[in-house]
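# Descriptive analysis of the structure
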Amino acid sequence: MRSTVTEQGRNCTTTIIIIIVIVMSSVYLLLVLCLGAASAVEVQRPRGVPLSKRQFYEENKPFTCLDGSRTIPFDRVNDDYCDCKDGSDEPGTAACPNGSFHCTNAGFRPGFIPSSRINDGICDCCDTTDEYNSGTTCQNTCRELGRKEKESLQKMAEIAKEGFLLKQQLIHEAKRGQEEKQGQVTELQTKRKGMEEKMEALRTVKETAEQPEKEAKERHLKAWEDEKDLIRKEKDKANMAEAFLELDDDADGFISVAELMSHSELDPDSDGSLTETEAQGLLGGSDKVDTVAFEAVWSSIKEKYVSEEEVREPVSDNDADQYPEDDIPEEEEDEEEEEEDDDDPEEDDDKIPPTVRTPEKKDDDEGTMPPYEQDTQNLIDAAQKARDEFDEAERALREVDDQIKNLEKEISFDFGPSAEFAYLYSQCYELSTSEYIYRLCPFNRVSQKPKFGGSETNLGTWGAWAGPEGSVYSMMKYEHGTGCWQGPNRSTTVKLTCGKETVVMSTSEPSRCEYLMEFTTPAVCQEPQGLDSNLHEHEEL
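Throughout what follows, the structure given in this document is the object of discussion.

Cut-offs applied
Residues numbered from 1 in each chain as written. Predicted model: local features only at pLDDT ≥ 70, side-chain atom pairs only at ≥ 80, totals over all residues. Heavy atoms only, no water. Helix = DSSP H or I, 4+ residues; strand = E, 2+ residues; numbered from the N terminus. Buried < 20%, exposed > 50% of the residue type's maximum accessible area, 1.4 Å probe, protein only. Contact = heavy atoms within 4.5 Å. Areas by Shrake-Rupley, 256 points an atom, 1.4 Å probe, with all protein chains shown as cover. Phe/Tyr/Trp six-rings, centres within 6.5 Å; stacked < 30°, edge-to-face > 60°. Lys NZ or Arg CZ within 6 Å of the ring centre and 35° of its normal. Salt bridge = Lys/Arg side-chain N within 4 Å of Asp/Glu carboxyl O.

All right, on to the overall build of the protein then. Check the secondary structure of the protein and you find eight helices and 14 strands. For the protein, buried positions account for 28% of its 541 residues. Within the protein, contacts between residues at least 6 apart in sequence are counted, and of these 46% link residues at least 24 apart. Element-wise, carbon and sulfur atoms account for 50% of the exposed surface of the protein, whose accessible area totals about 35700 Å².

Tallying each qualifying case throughout the model produces 19 aromatic pairs. For the ring pair Tyr57 and Phe63, a centre distance of 4.8 Å and an interplane angle of 25 degrees mean the geometry is stacked. Of the two residues, Tyr57 and Phe63, both sit in the buried class. Ring geometry for Phe415 versus Tyr425: centroids 5.5 Å apart, planes at 75 degrees, classification edge-to-face. With Phe415 in the loop between α7 (374–412) and β7 (429–432) and Tyr425 in the loop between α7 and β7, this pair connects stretches of sequence that are ten residues apart. Assessed through its relative accessible area of 2%, Phe415 is described here as buried. In textbook terms, an aromatic cluster arises when at least three aromatic residues are bridged by ring pairs, as seen for Phe413, Phe415, Phe421, Tyr425, Phe443, Trp462, Trp465, Tyr473 and Tyr478. Sitting above the plane of the Tyr132 ring, Arg47 keeps its charged end 3.7 Å from the centroid.

The backbone of Ala419 shows a phi angle near 60 degrees, a positive value even though the residue is not glycine. Note on Ala419: relative accessible area 14%, which makes it buried.

All right, on to the pattern of salt bridges then. Within this structure, the stated rule accounts for 23 salt bridges. Here Glu210 ties to Lys206 by a salt bridge, and the two come within 3.5 Å at their closest N and O atoms. Of the two residues, Glu210 and Lys206 are both situated in helix α2 (residues 142–247); the distance of four residues between them amounts to about one turn of the helix. We note a salt bridge from Arg387 to Glu210, for which the minimum N-O separation is 3.2 Å. Of this pair, Arg387 sits in helix α7 while Glu210 sits in helix α2, and the two are 177 residues apart along the sequence. Each of the salt bridges in this network shares a partner with another, and the network as a whole consists of Lys206, Glu210, Glu213 and Arg387.

The following block contains the structure:
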């Protein structure tokens, strides 16, 4: 009996122990699960502190302001009183005007807002954590925003992927194009050598043909000059004979001092009168000269001599007799008086003796040069043909030089690390707005033209790549455009973004005379990364 009771007691004790062990194990497992769940949901830290600064906010330790200005007890963190100059002791309240609040935004991107927006009745954080004590009812939109951002990033990733594939094609085409252009340069340089040799041969032919042409034309010209000289001498001889007859008033075959004195224009000292002594001096010291001696006199006076035909007639005074002096109206008398007062010195010219010389009239007795003789003309035609052939060869050589120069310039141009922008060369793209048509010709110029008439305005010519360090090919700079009224010359910055198509997206003028143009092109697309890395590496909890 006693043994039976004892056995039952032992069994009961064992059962109780097993039950206790099971219960303790369950409790321990529950505690582990709870702690694990808590650690997966949130890492404990003061409100408004980002996970990256958690180590600076340790409970049970004094808090040192992040700018190192002072140290305060930890219970003064987020006590709604600003102790630190940098506001770091109040990350979760609006106490510090320069503070900032960290939005965890689980499911979306974390971010910061100014501490002045905490509990202001407006939900700034998508997880509503900034309005914890304002009484405002906010809806957590982080998941929805995260979803939309993911869709947007997926779309951008697809564009970037397609753009990058197009970029690879552009690089391949640019490489092939560069090789073709280099081949063209080599071909043109070979062609140029032959053309240069041909041009030099034609130069020799031209110079050989020009020498006899020159000699023949010089002979023809000399003959014509000799003929003109003979004509001039004969004309001068006739003028001398005519002058002798005019001066010989008494027709005695001699010109005397008295006869010569009637021509005051021959006065050697230009004092208005020809004295007897001066006249005798013109006659070589003689009292009179015959036709033979007059030849020497004529050579000294012919430049001043005025024939009787060239003597100007005096102005007629008939107009003065139109009215009798007493019948002139009073008004006309006044006008005449005023005219007399305002008379020009030129009016006195009418009173100069009628021996005043008028401008000499040159007779075209010499005529025009006669045509070349046939032999001379044949030499001229042959030389001209040689010149034409040489000029044509020289022009063709210049064209080849220009082609080589343009190709070498294009080959050496900076079209990007892999020449991916080469396809834009010699192309133009337009954007039409309500008022203007904007035209971008990459690596050349940017212009603006009124849509409804008017002249084009230059907004800048190619300057250089102007992107920031590490992304220099993301911007173009066009400078030295048309000057603004009392301002600088216009300039344009072209911002390049990734796109499947090559399009001018927009144009603006952020500053006076400084334009900004947005331009999409596959050439700027980069190899896309994983979508998850674009969203965010992790979510802060």
